[in-house]
Amino acid sequence: MAWRQRLSSRLARQREAGLWRERLTMTPAPGSRVRDFASNDYLGLARDPRLAEAQSQGARRFGSGAGASHLVNGHLLPHQLLEERLADLTGRPRALLFSTGYMANFGTLQALCDRQTHIFQDRLNHASLLDGAQLAGARSRRFHHRDLADLDRLLGRAEEGGPRLVVSDAVFSMDGDMADIDGLATACARHDAWLMIDDAHGIGVLGENGDGCVGRRFDAEQVPILVGTLGKALGTAGAFVAGDDLLIDTLIQFARPYIYTTAQPPGMAMATLRALDILETEPERRRRLQAHLDHFRTRAAELKLPLLPSPTPIQPLLLGDSARVMRWSLALREAGFMVGAIRPPTVPQGQGRLRITLSSGHRREDIDELLERLAELLTADPEPLP
Ligand SMILES: Cc1ncc(COP(=O)(O)O)c(C=O)c1O
């Protein structure tokens with residue numbers, strides 16, 4: 001009885017606060033046209049039939065499932081090849097495959113840190129990083145968003161005691177803005193700290209070859225721990241941590257979310273390998289995405305849509321109030337557009353927003369129509385935007 005009461009009143013509070021989360025059952029057909037401005041499929045690869053073919057070939061050759069964890073006997077040839085390829089993409093000696101980005105972040109912090117260590121995180125870091133620091137039981141601080149002076153001050157205060165680790169998203173998932181990786185690396189060098197960058201939204205999209213925000217521009221001295229995810233621009237699933245032998249061996253020995261879980265299906269690794277081929281051979285996808293982005297921002301400015309100042313395919317429109325976020329996203333859905341309706345606790349109170357993401361798979365006319373719908377909603381809304 002106590003449990004029923006406890007859960008029911010928690011759910012009631014969630015509903016009353018306008019924070020009820022709902023799943024939509026989507027049935028997108030392979031190769032279908034994208035009017036989806038909510039997903040992270042930035043290069044339009046998630047429904048590419050070539051990836052599906054590689055995945056089914058992988059399943060036929062190696063099995064639908066890996067059958068065991070990497071450390072038992074689930075580490076199959078496609079996993080090994082994929083790790084080598086990801087190390088090469090990012091210019092790191094090695095890479096280690098995880099089943100999800102959440103597990104990669106969570107597991108890395110758990111394996112590296114303990115009560116003796118200090119972790120410094122950007123205030124807007126992804127939940128998996130914040131949760132990982134908690135799991136590790138580390139002494140954890142959050143610096144103001146992209147504020148190097150604040151970081152410097154906190155690092156200076158923690159000179160005594162155990163090792164220091166600075167952690168930041170490269171592209172902030174709900175704001176679309178980017179960390180100053182150069183500045184972070186310099187602060188770390190000054191205070192003898194390590195730097196961990198989560199490049200979930202940069203890999204495949206940013207950098208000259210889609211190698212992300214870190215890639216080969218920052219070496220493993222400057223950014224010793226690099227995390228990338230495969231379920232966004234690469235269109236598949238999973239994640240990796242890239243770095244030197246010392247880091248990767250530590251993760252293999254101690255990262256519980258790596259050790260105690262079944263390896264990802266080998267067909268998935270084959271599909272990611274295929275996505276990496278496409279990344280190399282079809283650079284026009286990145287160019288097209290950039291052209292969409294430039295067009296979207298120019299047109300939004302003409303329509304006086306108050307977008308956050310983001311240079312990446314994540315283009316948030318700040319609406320403030322959660323009820324308005326739901327109203328606008330529902331109206332867009334009725335017009336045939338999917339956008340992310342983001343409310344607290346994913347973002348701070350009063351900072352609800354539409355999270356609009358662009359993809360090279362979009363058509364220009366769909367982008368224009370979405371912008372027009374947004375402008376109509378803006379005109380029809382009686383309350384001023386924050
Ligand atoms: C910045 C960031 N890191 C990590 C993750 C987690 O990755 P995954 O979806 O593979 O668990 C996400 C998104 O989901 C993210 O936005």
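Here the structure is a predicted model, which is why all the values come from computation and not from measurement. (Residues numbered from 1 in each chain as written. Predicted model: local features only at pLDDT ≥ 70, side-chain atom pairs only at ≥ 80, totals over all residues. Heavy atoms only, no water.)

A.B. asks: In this structure, what is going on with the pairing of strand 5 (residues 164–169)? I would like to understand it.
C.D. replies: Along a regular strand, successive side chains alternate from one face of the sheet to the other. Burial analysis of strand 5 places six of its six residues in the buried class, which makes it a mostly covered element. By the alternation rule, side chains of strand 5 split into Arg-164, Val-166 and Ser-168 and Leu-165, Val-167 and Asp-169, which are all buried. Here strand 3 (residues 118–122) runs beside strand 5; their pairing, made up of four bridges, is parallel. Across the sheet, the residue bridging to Phe-120 is Val-166, located in strand 5. (Buried < 20%, exposed > 50% of the residue type's maximum accessible area, 1.4 Å probe, protein only. Helix = DSSP H or I, 4+ residues; strand = E, 2+ residues; numbered from the N terminus. Pairing = 2+ DSSP bridges.)

A.B. asks: It is not clear to me how the site of the ligand should be interpreted in this structure. Could you clarify?
C.D. replies: Of all residues adjacent to the ligand, which total 13 residues, the nearest are Gly-101, Tyr-102, Asp-198, His-201 and Lys-232. Contacts to the ligand include His-201, whose side-chain N or O atom sits 2.6 Å from an oxygen atom. Between the ligand and Lys-232 there is a distance of 2.9 Å, counted from an oxygen atom to a side-chain nitrogen or oxygen. For the ligand, whose accessible area on its own is 380 Å², the fraction buried by protein is 80%. Per-element tally for the shell around the ligand: the top contributor is helix 5 (residues 101–112), with three residues. (Near = heavy atom within 4 Å. Polar contact = N/O pair within 3.5 Å; in protein donor to acceptor, adjacent residues only side chain to side chain. Areas by Shrake-Rupley, 256 points an atom, 1.4 Å probe, with all protein chains shown as cover.)

A.B. asks: Quick question: what am I supposed to make of the side chain of His-201 here?
C.D. replies: Structurally, His-201 can be placed in the loop between strand 6 (194–198) and strand 7 (225–229). Within polar-contact distance, the side chain of His-201 engages the side chain of Tyr-42 at 2.7 Å. Residues in contact with His-201, not counting those within four places in the same chain, are Asn-40, Tyr-42, Val-171, Ser-173, Lys-232, Ile-314 and Arg-355. (Contact = heavy atoms within 4.5 Å.)

A.B. asks: Could you clarify how one ought to interpret the environment of Ala-138 in this entry?
C.D. replies: Tracing the backbone shows Ala-138 in the loop between helix 6 (127–136) and strand 4 (139–143). For Ala-138, a relative accessible area of 14% gives the class buried. Linking Ala-138 and His-118, residues 20 residues apart in sequence, is a C-alpha distance of 6.0 Å. Ignoring anything within four residues of it in the chain, the contact list for Ala-138 reads Cys-113, Asp-114, Arg-115, Thr-117, Ile-119 and Ala-133.

A.B. asks: It is not clear to me how the domain arrangement of the protein chain should be interpreted in this structure. Could you clarify?
C.D. replies: In many reports, interface size means the accessible area that the parts give up when they come together. Assigned domains within the protein chain: domain 1 (49–280) and domain 2 (283–380). Measuring from the centre of the C-alpha atoms in domain 1 to the corresponding centre in domain 2 gives 27 Å. The interface of domain 1 with domain 2 comprises 20 residues on the first partner and 16 residues on the second. Taken together, both faces of the contact between domain 1 and domain 2 bury some 1200 Å²; the carbon and sulfur share is 60%. Contact with domain 2 buries area across many residues of domain 1, yet Met-174, Asp-175 and Val-205 alone supply 42% of it, more than any other trio. Where domain 1 touches domain 2, the interface holds seven residue pairs in polar contact (both at pLDDT 80 or more). Considering each element in turn, the side of domain 1 that touches domain 2 owes the most residues, three residues, to helix 11 (residues 266–281). The class makeup of the residues in the side of domain 1 that touches domain 2 is eight nonpolar, seven polar and five charged. (Domains from an automatic or database assignment. Buried area = accessible area lost by both parts, 1.4 Å probe. Nonpolar A, V, L, I, M, F, W, Y, C, P; charged D, E, K, R; others polar.)

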